[in-house]
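This is what each chain is made of:
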Amino acid sequence: MASGGLQLLGFVLAFMGWIGIISSTAMPQWKMASYAGDNIVTAQALYEGLWMSCAMQSTGQIQCKVYDSLLKLESSLQATRALMVAAILLGLVGLFVAVTGMKCMKCMEDDQVKKMRMAVFGGVIFIIAGLAALVATSWYGNRVARAFYDPFTPVNTRFEFGSALFIGWAAASLAILGGSFLCCSCPRRETSYPPTRGYPKNAPSTGKDYV
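For clarity, every value in this text was computed on a predicted model and none was experimentally measured.

Rules of the game
- Residues numbered from 1 in each chain as written.
- Predicted model: local features only at pLDDT ≥ 70, side-chain atom pairs only at ≥ 80, totals over all residues.
- Heavy atoms only, no water.
- Core = buried A, V, L, I, M, F, W, Y, C linked by side-chain atoms within 4.5 Å.
- Buried < 20%, exposed > 50% of the residue type's maximum accessible area, 1.4 Å probe, protein only.
- Helix = DSSP H or I, 4+ residues; strand = E, 2+ residues; numbered from the N terminus.
- Contact = heavy atoms within 4.5 Å.
- pLDDT = per-residue confidence, 0-100.
- UniProt positions renumbered as here; feature names shortened; annotations may be inferred.
- Salt bridge = Lys/Arg side-chain N within 4 Å of Asp/Glu carboxyl O.
- Disulfide = S-S within 2.5 Å.

So, on to the nonpolar core. Ile21, Trp30, Met84, Phe126 and Tyr140 are the most contacted members of the largest nonpolar core, which totals 26 residues. Secondary-structure elements contributing two or more residues to this core are helix 1 (2–26), helix 2 (75–101), helix 3 (112–148) and helix 4 (163–184). Sequence-distant contacts of Tyr140, defined by excluding residues within four places in its chain, comprise Trp30, Lys31, Glu48, Gly49, Leu50, Leu77, Thr80 and Leu165.

So, on to the confidence of the model for the protein. Confidence in the prediction of the protein, expressed as mean pLDDT, is 81, and 76% of residues score 70 or more. Per-element confidence in the protein ranges from a low mean pLDDT of 78 for strand 1 (residues 31–35) to a high of 94 for helix 4.

Position of Phe181 relative to the elements: it lies in helix 4. In this structure the C-alpha to C-alpha distance between Phe181 and Leu9, which are 172 residues apart in sequence, comes to 7.3 Å. With residues near it in sequence (within four places) discarded, Phe181 still touches Leu6, Leu9, Gly10 and Leu13.

This paragraph deals with the UniProt feature "transmembrane region" (unreviewed entry) in the protein. Under the UniProt annotation, "transmembrane region" (unreviewed entry) lies at residues 7–27, 79–99, 119–141 and 161–184. Regarding residues 7–27, the helix share stands at 95% and the strand share at 0%, and the terminal C-alpha atoms are separated by 30 Å. Taken end to end, residues 119–141 is 100% helix and 0% strand, and its two terminal C-alpha atoms sit 33 Å from one another.

Turning next to the pattern of salt bridges. Side chains that carry opposite charge are capable of pairing whenever their charged atoms lie near each other. Applying the stated criterion across every chain, the model contains three salt bridges. Glu74 is paired through a salt bridge with Arg143; the nearest N and O atoms lie 2.7 Å apart. Linking Glu74 in the loop between strand 4 (62–66) and helix 2 with Arg143 in helix 3, this pair joins segments that are 69 residues apart in sequence. The class of Glu74 is partly exposed, set by a relative accessible area of 48%.

On to the state of the cysteines. For the coordinates displayed, the defined rule picks out one disulfide. With no disulfide partner, Cys183 has as its closest neighbouring cysteine sulfur the one in Cys184, 6.7 Å distant. Under the relative-accessibility criterion, Cys184 is labelled exposed at 56%.

Printed below as a string of structure tokens:
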């Protein structure tokens, strides 16, 4: 029962991490900048994500624009996109594989060894997906931090970490933690010893054997 509870906890954490990775990928707040200028009326907040850039005016109006061409984007942004999409696809595969190996599912009940291996394999896939998302968000965050502390970057164009980055970091951690729990839910194999063979007992000798 303990391994079953650990397995269920790992699956829930990994699933929440996968949903968080999807949300982080779709959000435009990967980096943000705000400035007021000379007039508070013209204050606005700028957001940039993997797919679009948005500007929010002080009046609350938000305008977003999708990036025109993939070839015009920076290579680092394209790599971040690829890593996040790969993490989502890997998480989807890990979801189906882990569900197949869950103890509460009826499939593959006739072979418990293969069933547990499927759960462990799903956990490994979730760990890889979490690592891909963690690399993507950390890489992007490093670029934002370096540009912020660059003295040649204008003050009004310095971006800071957006909420999507923090969600991505948390989601990647959940996916890795959940995958680890799935891998640890496999029960240890008990060492089996061959049954001891009994020696035949000598029949009691009777006086009839000797003449």
